[in-house]
Amino acid sequence: MLTENKFSKYLLYAIGEIILVMIGILLALQVNNWNENRKINEQELQLLESLQKEFTYNINELDRSIKKAQLIQKRCETILKNTGNHEMKLSKIESDSLINWGLTNIITYDPSDGILKDIISSGKIQIIKNDKLKIFLSNWNGILNDVKEDEIWAVTERNNIIYPFLYKNSNYTSTTQSIRANNKIISGFDTDYKAVYKFLEFENLTNSQRFWNRKNEMNYKRLKRRIEEIIILCEHEIKLKK
């Protein structure tokens, strides 16, 4: 009986030791998991803050692009009020300015995307827990490419159609004199700056430039709404983690 009592005590002691060891292991695993989750949360917070800064910068740049697109449209509209049979009310200085900063002015939006590219290419995007934010970030380049396509069309039309027309039908050397670095070069031709306003093609090209900038403005505003959504989601997730 004494032997049985000793064995029972030893068995209980052994079981107790095993239970303590198992509890220790479970606690160690829990602490390790907690540390890993903490590190992941810290990484996610850093990513979110970096994205917030990058897209805040981008939305500020986009606002400038929207204002520029609107300004180009107004300049083109002013040109159109003086074409064809309309009464010509522009001085040469005004005309030159409108052609240089309206008809031949091109706007492109080039956002900062270094942080986003790194997050996507490295696979860090999987650290972000908000599924909606991940979808927006993953689709960003696709939306941006749609905007760039319209910009390319506008640049192509300017380079391949508008410039050749102005070279042929206007004194472009005189028109651009005020914006050239070396403005001492003066045209050797005595021409009437008003003549180009009588061409139907000039009117059509000006209206096309107005149209492209209107389209760019609409694209930029759509892009701005998506950036605003991304920033709001980033801010919401940052608040949850602080």
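A brief look at the structure comes next.

Cut-off values and rules
- Residues numbered from 1 in each chain as written.
- Predicted model: local features only at pLDDT ≥ 70, side-chain atom pairs only at ≥ 80, totals over all residues.
- Heavy atoms only, no water.
- Helix = DSSP H or I, 4+ residues; strand = E, 2+ residues; numbered from the N terminus.
- Buried < 20%, exposed > 50% of the residue type's maximum accessible area, 1.4 Å probe, protein only.
- Contact = heavy atoms within 4.5 Å.
- Salt bridge = Lys/Arg side-chain N within 4 Å of Asp/Glu carboxyl O.
- Expected span 1.5 Å × (residues − 1).
- Bend = angle between axes of the 7 residues up to and from the residue.
- Polar contact = N/O pair within 3.5 Å; in protein donor to acceptor, adjacent residues only side chain to side chain.
- Phe/Tyr/Trp six-rings, centres within 6.5 Å; stacked < 30°, edge-to-face > 60°.
- Core = buried A, V, L, I, M, F, W, Y, C linked by side-chain atoms within 4.5 Å.
- Axes fitted to C-alpha atoms, helices over the stretch in contact; angles between N-to-C directions.
- Parallel < 35°, antiparallel > 145°, perpendicular 65-115°, else oblique.
- Nonpolar A, V, L, I, M, F, W, Y, C, P; charged D, E, K, R; others polar.

**Concerning the environment of Gln-209**
- Considering the arrangement of structural elements, one finds Gln-209 in helix H6 (residues 200-241).
- Under the relative-accessibility criterion, Gln-209 is labelled buried at 1%.
- For the pair Gln-209 and Ile-120, spaced 89 residues apart in sequence, the C-alpha separation works out to 36 Å.
- If near-sequence neighbours (up to four positions away) are discounted, Gln-209 is found in contact with Ile-72, Cys-76, Gly-102, Leu-103, Thr-104, Asn-105, Ile-106 and Glu-157.

**Section: the pattern of salt bridges**
- Under the definition given, this model contains 15 salt bridges.
- Residue Lys-221 is joined to Glu-217 by a salt bridge in which the shortest nitrogen-to-oxygen separation is 2.9 Å. On the criterion of helical spacing, the pair formed by Lys-221 and Glu-217 is a turn pair, its members being four residues apart in helix H6.
- For Glu-217, a relative accessible area of 4% gives the class buried.

**Regarding helix H4 (residues 131-169)**
- Given a rise of 1.5 Å per residue, 39 residues ought to cover 57 Å, and the 56 Å separating the end C-alpha atoms of H4 matches this to within 8%.
- By the largest-angle criterion, Asn-139 marks the main kink of H4, which is about 40°.
- Its side-chain oxygen 3.1 Å from the backbone nitrogen of Lys-132, Asn-130 forms the N-cap of H4.

**Structural notes on the packing of aromatic side chains**
- In the structure shown here, the tally under the stated rule is ten aromatic pairs.
- Ring geometry for Tyr-167 versus Tyr-172: centroids 5.3 Å apart, planes at 70°, classification edge-to-face.
- An aromatic cluster of three or more residues is present, and its members are Phe-165, Tyr-197, Phe-199 and Phe-202.

**A few points about the nonpolar core**
- Grouped together as the largest cluster of nonpolar side chains are 33 residues, with contacts concentrated most on Phe-55 and Leu-137.
- For this core, the element with the most residues is helix H1 (residues 2-80), which contributes eleven residues.
- Setting aside its immediate chain neighbours within four residues, Leu-137 contacts Leu-51, Phe-55, Leu-116, Ile-120, Ile-125, Ile-128 and Ile-230.
- Core analysis: the second largest hydrophobic core is formed by 14 residues, Ile-79, Leu-90, Ile-162 and Leu-166 among them.

**Focus on the environment of Ile-99**
- Relative to the helices and strands, Ile-99 resides in helix H2 (residues 92-103).
- When its relative accessible area of 4% is taken as the criterion, Ile-99 is described as buried.
- Spatially, the C-alpha atoms of Ile-99 and Lys-81 are 13 Å apart, while their sequence positions differ by 18 residues.
- In this structure, Ile-99 is in contact with Ile-79, Thr-104, Leu-166, Thr-175, Tyr-197 and Phe-202, ignoring residues within four places of it in sequence.

**Description of the environment of Lys-148**
- With respect to the helices and strands, Lys-148 occurs in helix H4.
- With a relative accessible area of 21%, Lys-148 lands in the partly exposed category.
- There is a polar contact of 2.7 Å between the side chain of Lys-148 and the side chain of Glu-151.

**Here we look at the side chain of Ser-187**
- Checked against the element boundaries, Ser-187 lands in the loop between helix H5 (172-175) and H6.
- For Ser-187, the side chain forms a polar contact with the side chain of Asn-171, separated by 2.9 Å.
- Looking at Ser-187, its side chain comes within polar contact range of the main-chain nitrogen of Phe-189, at 3.1 Å.

**A short note on the side chain of Glu-151**
- Tracing the chain through its elements places Glu-151 in helix H4.
- A polar contact is formed between the side chain of Glu-151 and the side chain of Tyr-220, at a distance of 2.4 Å.
- Those residues in contact with Glu-151 that sit more than four places away from it in its chain are Ile-107, Thr-108, Tyr-109, Asn-216 and Tyr-220.

**Structural notes on the packing of H2 against H6**
- Viewed as axis vectors pointing N to C, H2 and H6 meet at an angle of 45°, and their least axial separation amounts to 11 Å. The orientation of H2 with respect to H6, classified from their angle, is oblique. Of the residues in H6, those in contact with Ile-99, Gly-102 and Leu-103 of H2 are Phe-202, Leu-205, Thr-206 and Gln-209.
- The residue makeup of the contact of H2 with H6, split by class, is four nonpolar, three polar and no charged.

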